[in-house]
Amino acid sequence: MKWNDIEKPARYMGGELNSIYKEDAKLRFALCFPDVYEVGMSNLAIHILYEVLNSMEDVYAQRAFCPWVDMAAKLRQEEKALTTLECGQPLHGFDMVGFNLSYEMCYSNVLLMLDLGRIPMLAADRGENDPIVIGGGACTVNPEPIADFFDLFVVGEGEEVIVELCELYLNCEKTGESRKEFLRLAANIQGVYVPFFYQESYAESGEIASVCALEGVPEKVKRRFVEDFDGARAMHRPVLPYIGTVHDRCTLEIMRGCANGCRFCQAGYMTRPVRERSVERVMAQAESVISATGYDEISLCSLSSGDYSHISELMQALMDRFEKQRVSVALPSLRVDSFRFAEKLQQVRRTGVTFAPEAGTQRLRDVINKNITDEDILGTVYNAFASGASTVKLYFMIGLPTETMEDIDGIVELVRAIREEYYRVPKPERGGSLSITVSASCFVPKAGTPFQWEAQEGIDSLREKQWYLKDKLRMKGVRFQYHDAYLSFLEAVFARGDRRLSAVLRAAYEDGAVFDAWQDHFSFERYQKAFEGCGIDPAFYTTRKRSFNEILPYSHIDSLISGEYLVRECEKAYSAQATPSCSQKCAACGLQGAGCHMHGGEE
Amino acid sequence: MRVVLKYMRKGAANYISHLDMQRAFGRAVRRAGIDVVYSQGFNPHILMSFASPLSVGYATNGDYLEMRMQDGADISTVKSDLNAVFTSDIQILDVFEVTGNKKLMSLNDSAAYSISFTVENEADCVKIKDTVQKISQSESYIANDRRGKPVDIVPLIRQLSVDGSVLYALLKNTNDGALNPAVLAEAVLSEAGVAADYEICRLECYGKIGGGVLPFTALKEKAAAGC
């Protein structure tokens, strides 16, 4: 193959340090990430599963990423199949092909990879010799829109289930079980969802009338989580990319789950219960990763690292241990108090602070249960400015439930107040020129959250709010960024959609949809055409408010978070009532006494 | 102390950009625990510089970089220590101490390359050989550089020879003029009317050393002789 006309050929070369090569194995597993190499190699799950799978003697896991458009065209032109990096084996030759589904807008890339990998796109068209196609990751809270393309999904954390699946597969191969029998047995592993065994029917209104589990499989699929997270296998010898990736550093996972309960946050609920990894284990992991890669930067990974109970101890230990090797330790961000905390450590450059207030007024922050106050923010920025920082980044959402123009004005007010804090610091003491970046995304109601019944705000009114903010935020030193409302609309369709969307996705893909998360490649018209062609009104999934008793498309998947709790939280949102963090008071989300160790797991 | 490393790369490593190559070496140095000198400041980095950047896609059998090590550090195991932590696609060929303060980069004179054409038949080899001879004997030859701009390549060529389907070229490689071997390869193919892929390998880098033009390894003898 000639590489002159391919952007970044290193994406397709493999051969990186710590890649694993095996002669052969009984079970070949292709670990796929449906985005380009630089994005996929930044995903922690791929690295963890790569090590977990390859530690099994009879299993050989290899990596594959989505080829960029130039490479995809070349593969088509030269009639070559998409292959893995390690052995250059076409995807269709694998026993299992697993996709990481981290965000909805990667779905068209999954189809591209199946297509180029020469695997029949629909699960129903696959035969005994085709790979078992598996999906895992954040999107499996509601995998329905892509159910037609997958043989099975792993709902929840994958590092244990994947081993059980491989063992089952090897056993089935020994005893000569059929593909269907394997899938039936797999469906009885907790966390495994085989869409084929669950049939849905629709009412005239378009809503789901029922979801029926076929004989021999559990009625509800229970989400899986790793109980002994501290002892669970972590990444130790990650593959070291030759080319720069999005997160090109040593990432240490310190905690799963989040106690804060922000009502819009799917990850926060879907990774509960909160579990921490001990300082000793994290240190041992750091030791191993740094010596295996030579990374010069360490960052901590969790949903809210400021809440990790031994955060100061861990940061100090990491800095002490790696100072001599000039390995820097990046501070966990997001929490208001983290800047003060950073000052205490006195080893950071004070250039800027980042906040995610998410909403502009206290009222709306109470609605979404984001426990940050204006005083917190202003106090912290003043201290930051006084110690020489001059850059502030702010993250907001627009289109939140109950939002009014007052809340939008609140964003402007907050930015104004932050500017005032800057000028309040005497000139000789404050840093260079003030720069405030305000970023506003469009709220997308997600499955498994208290807002899963909410209507998404319409595209036109979201755009109006964007223009309004753009105008009001024309201030010196302020930069305003916002998300494409059309993309957020589509994300909302797939976030809470049902199986009928598989046809839409396929039609859009066949019309050229790919890399939808990349602004330059996304075309809303393509999807619009696909919706029309399939006779589906996308507004049914977005701007329609659901009633609490509607059967949601994913109601047969038990996220372990109780429905009553979600309803309670939603109702509290309407009356702008905050719920304290689980660390202060148990809110009975469903995991009390079922794996949650806060308050000893009791209410 | 200043230490020079001679290295090769092949396979997957050919597709690493210059920036990524610097990073790959920095990480290898950390993995191997080499006693290097770091820069001061908030983002300390290893004091290291390459003699001449290598284009994406090219292999090398003779590229050089220099780095600062702690004075008096033992360099006898640097080669084996680094090779143990690199994949086989990047390997260190030689390590030696140098004296003086002139950066390798400022000594560059020329570089030798092999350009291996994947030709269809013997006739293509003959066409390439004839074309190379023609260019060698010309007073000037205008080719398109990588941005498509016309450039006279003859003054930038030191020496050309053909062996079968491989073109060996010694090309100028200084700050005020350098010829990328791909420009030469494309010119030869288009002049010869041959359509072929080619692979490029840098064979050696030459510097202005002690009044002559020598491979950078000559600095080793110079240092040993105490100049």
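Definitions and limits used
- Residues numbered from 1 in each chain as written.
- Chains lettered and ligands numbered in written order.
- Predicted model: local features only at pLDDT ≥ 70, side-chain atom pairs only at ≥ 80, totals over all residues.
- Heavy atoms only, no water.
- Helix = DSSP H or I, 4+ residues; strand = E, 2+ residues; numbered from the N terminus.
- Rg over C-alpha atoms; globule rule 2.2 N^0.38 Å.
- Buried < 20%, exposed > 50% of the residue type's maximum accessible area, 1.4 Å probe, protein only.
- Contact = heavy atoms within 4.5 Å.
- Areas by Shrake-Rupley, 256 points an atom, 1.4 Å probe, with all protein chains shown as cover.
- Lys, Arg positive; Asp, Glu negative; His and termini not counted.
- Charge placed at Lys NZ, Arg CZ, Asp CG, Glu CD.
- Pairing = 2+ DSSP bridges.
- Buried area = accessible area lost by both parts, 1.4 Å probe.
- Salt bridge = Lys/Arg side-chain N within 4 Å of Asp/Glu carboxyl O.
- Nonpolar A, V, L, I, M, F, W, Y, C, P; charged D, E, K, R; others polar.
- Core = buried A, V, L, I, M, F, W, Y, C linked by side-chain atoms within 4.5 Å.
- Polar contact = N/O pair within 3.5 Å; in protein donor to acceptor, adjacent residues only side chain to side chain.
- Expected span 1.5 Å × (residues − 1).
- Right-handed = clockwise from strand over helix to strand, strands pointing away.
- Axes fitted to C-alpha atoms, helices over the stretch in contact; angles between N-to-C directions.
- Disulfide = S-S within 2.5 Å.
- Phe/Tyr/Trp six-rings, centres within 6.5 Å; stacked < 30°, edge-to-face > 60°.
- Lys NZ or Arg CZ within 6 Å of the ring centre and 35° of its normal.
- Left-handed = near helix turned anticlockwise from the far one by under 90°.

Turning our eyes to something else, we now look at the overall build of chain B. Across its full length, chain B carries six helices and twelve strands. Relative to the globule expectation of 17 Å for 227 residues, the C-alpha radius of gyration of chain B, 19 Å, shows essentially globular dimensions. With the C-alpha coordinates aligned to their principal axes, the bounding extent of chain B is approximately 55 × 35 × 30 Å. The buried share among the 227 residues of chain B stands at 53%. Taking contacts inside chain B between residues at least 6 apart in sequence as the whole, the part at least 24 apart equals 71%. Surface accessibility of chain B: about 10500 Å² in total, with carbon and sulfur atoms responsible for 49%. Averaging the locations of the 24 positively and 26 negatively charged side chains of chain B gives two centres separated by 6 Å.

A few words on the sheet that holds strand 14 (residues 328-329) of chain A. Residues and elements named next belong to chain A. An order of 10-13-14 is seen for the three strands of this open sheet, with the pairing classed as parallel. Lying at the two open borders of the sheet, with one neighbouring strand each, are strand 10 (250-253) and strand 14. As paired elements, strand 13 (residues 297-301) and strand 14 share two bridges and run parallel to each other. Across the sheet, E297 pairs through a bridge with S328, a residue of strand 14.

This part is about the interface of chain A and chain B. A common measure of how large an interface is: the accessible area buried when the components associate. Each partner contributes to the interface: chain A provides 27 residues, whereas chain B provides 21 residues. For the chain A and chain B pair, buried surface summed over both sides reaches about 2000 Å², with 57% attributable to carbon and sulfur atoms. Summed over the shared surface of chain A and chain B, the number is two salt bridges. As a salt-bridge pair, A:D248 and B:R23 come within 3.5 Å of each other at their nearest N and O atoms. Counted by class, the side of chain A that touches chain B contains 13 nonpolar, eight polar and six charged residues.

Judged by nonpolar contacts, the single largest core of 201 residues is most densely connected at A:F29, A:L152, A:F182, B:F25 and B:L82. With nine residues, the top contributor of residues to this core is helix 5 (residues 161-175) of chain A. Residue contacts for A:L152: discarding those within four places in its chain leaves A:I132, A:V133, A:I134, A:G135, A:L165, A:F182, A:L183, A:A186, A:V192, A:Y193, A:V194 and A:P195. One finds B:V162, B:V188, B:L189 and B:Y198 within the second-largest nonpolar core, a separate group that totals 33 residues.

Okay, the side chain of A:T140 next. Residues and elements named next belong to chain A. In this fold, T140 is placed in the loop between strand 4 (132-136) and strand 5 (152-154). T140 gets classed as buried once you look at its relative accessible area, which sits at 2%. At 2.7 Å, the side chain of T140 and the backbone oxygen of G137 are in polar contact.

Okay, helix 13 (residues 405-424) of chain A next. If you check helix 13 of chain A, its first and last C-alpha atoms are 28 Å apart, about what 20 residues at 1.5 Å a residue would give, namely 28 Å. Every buried residue belonging to helix 13 of chain A is among A:D407, A:I408, A:G410, A:I411, A:V412, A:L414, A:V415, A:A417, A:I418, A:R419, A:E421 and A:Y422, and all of these are buried.

This brings us to the pairing of strand 13 of chain A. Residues and elements named next belong to chain A. Bridge count for strand 10 against strand 13 is four bridges, and the pairing is parallel. Counterpart to L252 in the pairing with strand 13 is L300. Handedness of the crossover joining strand 13 and strand 14 through helix 9 (residues 311-322): right-handed.

Residues and elements named next belong to chain A. Strands sit in the order 2-1-3-4-5-6 across an open sheet of six strands; the sheet is mixed. Edge positions in the sheet fall to strand 2 (59-65) and strand 6 (192-193), since each of these pairs with one other strand and no more. Pairing of strand 1 (residues 27-33) with strand 3 (residues 96-100), which is carried by four bridges, proceeds in the parallel orientation. Bridging across to strand 3, C32 finds its partner in F99. Helix 2 (residues 44-54) contacts strand 1, strand 2 and strand 3 of the sheet and is inclined by roughly 155° relative to strand 2. Against the sheet, helix 5 makes contact with strand 1, strand 2, strand 3, strand 4, strand 5 and strand 6, and its axis sits at roughly 145° relative to strand 1, the strand it touches most.

Our focus in this paragraph is the state of the cysteines. Under the definition given, this model contains zero disulfides over all chains. Here A:C262 stays unpaired: no disulfide links it, and the sulfur of A:C265, its closest cysteine neighbor, is 6.2 Å away.

Using the criterion set out here, one finds 30 aromatic pairs over all chains in the structure. Consider the rings of A:Y37 and A:F65, whose centres lie 5.3 Å apart with planes at 75°: the pair is edge-to-face. One end of the pair, A:Y37, is in helix 1 (residues 37-40); the other, A:F65, is in strand 2, and 28 residues separate them in sequence. Of the two residues examined, A:Y37 and A:F65, each falls in the buried class. On the numbers, 6.0 Å between centres and 65° between planes, the contact of B:F117 with B:Y198 is edge-to-face. In this pair, B:F117 is assigned in strand 5 (residues 108-118) and B:Y198 in strand 11 (residues 197-209), connecting sequence segments 81 residues apart. Taking relative accessible area as the criterion, B:Y198 reaches 16% and is therefore assigned buried. Cation over ring: A:R321 sits above A:F322, and NZ or CZ is 4.7 Å from the ring centre. Sitting over the face of the ring of A:F540, A:R544 holds its NZ or CZ atom 4.0 Å from the ring centroid.

Two side chains with opposite charge may pair up if their charged atoms get near one another. Residue and element names in this part refer to chain A. Applying the stated rule across the entire model yields 51 salt bridges over all chains. Note that D5 and K74 form a salt bridge whose closest N and O atoms lie 3.5 Å from each other. Here K74 lies in helix 3 (residues 69-77) and D5 lies in the segment before strand 1, a separation of 69 residues in the sequence. Overall, the relative accessible area of 54% leaves D5 in the exposed class.

Residues and elements named next belong to chain A. Remark: helix 12 (residues 374-386) packs on helix 13, axes separated minimally by 9 Å, with the N-to-C direction vectors making an angle of 35°. Along this stretch, helix 12 crosses helix 13, giving a crossing that reads as right-handed. On helix 13, the residues touching D374, I377, L378, V381, Y382 and F385 of helix 12 are L414, A417, I418, E421, Y422 and R424. Per-class residue counts for the contact of helix 12 with helix 13 are nine nonpolar, no polar and three charged.

This part covers unusual backbone geometry. Residue and element names in this part refer to chain A. Looking along the chain, the bond that leaves R272 and enters P273 is cis, with omega of 0°. In this structure, P273 sits in the loop between helix 7 (266-270) and strand 12 (275-276). Phi angles above zero are rare outside glycine, and E79 is one such case at about 55°. Mapped onto the elements, E79 comes out in the loop between helix 3 and strand 3. A residue is classified by how much of its surface remains accessible, and E79, at 66% relative accessible area, is exposed. Phi is positive for A588, close to 55°, though the residue is something other than glycine. Its place among the elements puts A588 in the segment after helix 18 (563-574).

All quantities given are derived from atomic positions and should not be read as evidence of function.
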